[in-house]
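Observations on chain architecture
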Amino acid sequence: MARLRVGIILGGMSSEREVSLNSGRNVYDNLDREAYEAVPVFMDLKGNLWIIPWQLISQNTTTDISERLAGEARPIGYEDLKEEIDFAFISLHGKYGDDGCIQGLLELLGIPYTGPGVLASALGMDKHIQQSILKAEGLDVPRSHVVTIEDWRRDSRAVKNNLLTLFPPPFFVKPTREGSSVGVRAVREEGDIETALEEAFRWDLKALVEEYLDGIEFSCIVLEDEGEVRYLDVTEIHPQSDFYTYDDKYMPGRCRKFTPPKNIPPEMTSKIGEMAVRAFKALGFRSYGRIDGFVLKDGRILITDPNSSSGMAPSSFFFEQAASAGMLPSMIISRLIENALAIHRGKKGPLC
Ligand SMILES: Nc1ncnc2c1ncn2[C@@H]1O[C@H](COP(=O)(O)OP(=O)(O)O)[C@@H](O)[C@H]1O
Ligand SMILES: [Mg+2]
C-alpha cells in the first residue's frame with residue numbers, strides 16, 4: 001500500500017523561521033517511515049514553496065537553505081501542493097505559519113493538516129483577543145491594555161502617563177501578535193517605556209501592556225486524542241534570564257524545566273491541566289495546542305499565552321511532555337497525524 005505522503009512545511013516568512021527549521025527537522029527525523037513518506041516543503045521568505053532534498057534539512061539556518069534552493073530544490077506553485085502531499089504537518093511558527101494563513105491555503109486545496117482551523121489559529125496568535133475570550137470563559141488572565149501605534153505617534157506623553165497610572169512599573173510590553181518572546185520587553189522604570197513600545201511596534205501595530213506577573217511559569221500541551229481533549233504532564237519553567245527570552249527558549253543548556261512540576265503541588269497541577277483544556281476548547285483549538293501561564297505567589301493560576309502550535313525541537317515542551325507520558329517522538333507524531341486526519345474527515349468547513 002502506498003504510504004501517506006506527509007509534507008513537513010518548514011521555514012517561512014516570520015521572525016520564528018529558524019525555530020521552524022529546528023521543529024521541522026526533528027519531525028522529519030522522527031517520522032515513522034513504515035507508515036509515512038516524508039516530503040520536506042520549505043517556504044522561503046517570499047512565501048514560495050520548494051520541495052527540498054533531505055540533505056538541505058540538515059542546514060543550520062534558513063539562509064543556508066535559501067542559498068541552495070535554485071540549484072538543489074524544486075519550486076512548486078501553491079496549487080501543485082496537492083499533487084505532492086496527502087497531509088501537511090505544519091512546522092511553521094508565527095506570521096503566515098500558525099496564524100490561519102497556511103491553514104486557509106490548505107483548506108482551499110483540501111489537504112488535511114495538524115493543528116486547528118483558520119479562526120482558532122488566528123486567535124492563537126492574537127494575545128489581546130484571546131484574553132477577552134478566556135475572560136468570558138471564566139479563566140483568569142493578566143490585567144492588560146492595548147496601545148496603538150497611532151495613539152503613540154500622536155501623543156506619546158499622554159500614552160506614557162496613562163500607562164504609569166494603569167501599571168506602576170514593573171510591567172511587560174509586547175507585540176500583540178508575535179511569538180518566541182520576539183519584541184517582548186520588561187519595563188522596570190518610566191525611562192524604559194519608549195524603547196519597549198518602539199520595539200513592540202517593530203513587529204505589530206498594536207502593543208499589549210500587561211501587569212507584571214510574579215510567580216512560577218508553566219506550559220501544558222493539550223491533545224485532541226480519539227475525540228477526547230486531554231492534557232499531558234505540565235512543565236514548570238525556570239529561565240536563566242529575568243524572563244523566558246528567545247535565548248532561554250532555544251539555546252542549549254539555558255533554561256531548566258521540570259515535568260511534572262517540582263514546586264507546584266499536584267492538586268494545583270491538575271487544576272492547571274483542567275484550565276488548559278477549558279482554554280483549548282474556548283478558543284476552538286483542535287488537534288493540539290500549548291497553553292502557557294503562571295502560578296502567582298498568592299496561588300492564583302493565570303492563563304497568559306495559548307498557542308495553536310508548539311515548537312517541536314527535541315527538548316521542546318511537546319516532546320518532553322510526551323516522554324513523561326511514555327511516548328517516543330515517533331509515537332506522538334504518528335498519533336498527531338492520525339488524530340488530525342480524523343478531525344479533518346469530520347469537519348464542516350475551515351473554521352471547524
Ligand atoms: N505579564 C508578564 N509578567 C511576567 N512575565 C511575562 C509577562 N508577559 C510575558 N512575560 C515573559 O515573557 C515571555 C514571553 O511572553 P509571551 O507573552 O509568552 O509571548 P510569546 O508569544 O512570545 O511567548 C513569557 O514566557 C514570560 O517569561
Ligand atoms: Mg509564550
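Notes on the structure in this doc start here. Worth saying up front: this structure is predicted, and the values here are computed from it rather than measured. (Residues numbered from 1 in each chain as written. Chains lettered and ligands numbered in written order. Predicted model: local features only at pLDDT ≥ 70, side-chain atom pairs only at ≥ 80, totals over all residues. Heavy atoms only, no water.)

So, the packing of helix α1 (residues 17-30) against helix α3 (residues 62-72)
Helix-helix packing is characterised by the crossing angle of the two axes and by the distance between the axes. At a minimum axis separation of 9 Å, α1 and α3 run at an interaxial angle of 80 degrees. The pairing of α1 with α3 is recorded here as roughly perpendicular in orientation. Here R17, E18 and L21 of α1 come into contact with α3, specifically with T62, T63 and I65. Along the lines of polarity and charge, the residues of the contact of α1 with α3 split into two nonpolar, two polar and two charged. (Axes fitted to C-alpha atoms, helices over the stretch in contact; angles between N-to-C directions. Helix = DSSP H or I, 4+ residues; strand = E, 2+ residues; numbered from the N terminus. Parallel < 35°, antiparallel > 145°, perpendicular 65-115°, else oblique. Contact = heavy atoms within 4.5 Å. Nonpolar A, V, L, I, M, F, W, Y, C, P; charged D, E, K, R; others polar.)

Topic: the packing of helix α6 (residues 118-125) against helix α7 (residues 127-136)
It is at 6 Å that the axes of α6 and α7 come closest, and there the two elements cross at 105 degrees. Taken together, the axis directions place α6 and α7 in an arrangement best described as roughly perpendicular. Packed against α6, whose contacting residues are L123, G124 and M125, the element α7 presents K127, I129, Q130 and I133 at the interface. When grouped by side-chain class, the residues that make up the contact of α6 with α7 number four nonpolar, two polar and one charged.

Quick look at unusual backbone geometry
A cis geometry characterises the amide bond from P169 onward to P170, with omega recorded as 5 degrees. P260 follows T259 through a cis peptide bond whose omega is -5 degrees. By the element assignment, P260 lies in the loop between β13 (256-258) and α12 (266-282). In the Ramachandran plot, Y96 falls in the positive-phi region, its phi being about 70 degrees despite a non-glycine side chain. Here Y96 is to be found in the loop between β5 (87-90) and α5 (101-109). With relative accessibility at 41%, the residue Y96 sits in the partly exposed group. (Buried < 20%, exposed > 50% of the residue type's maximum accessible area, 1.4 Å probe, protein only.)

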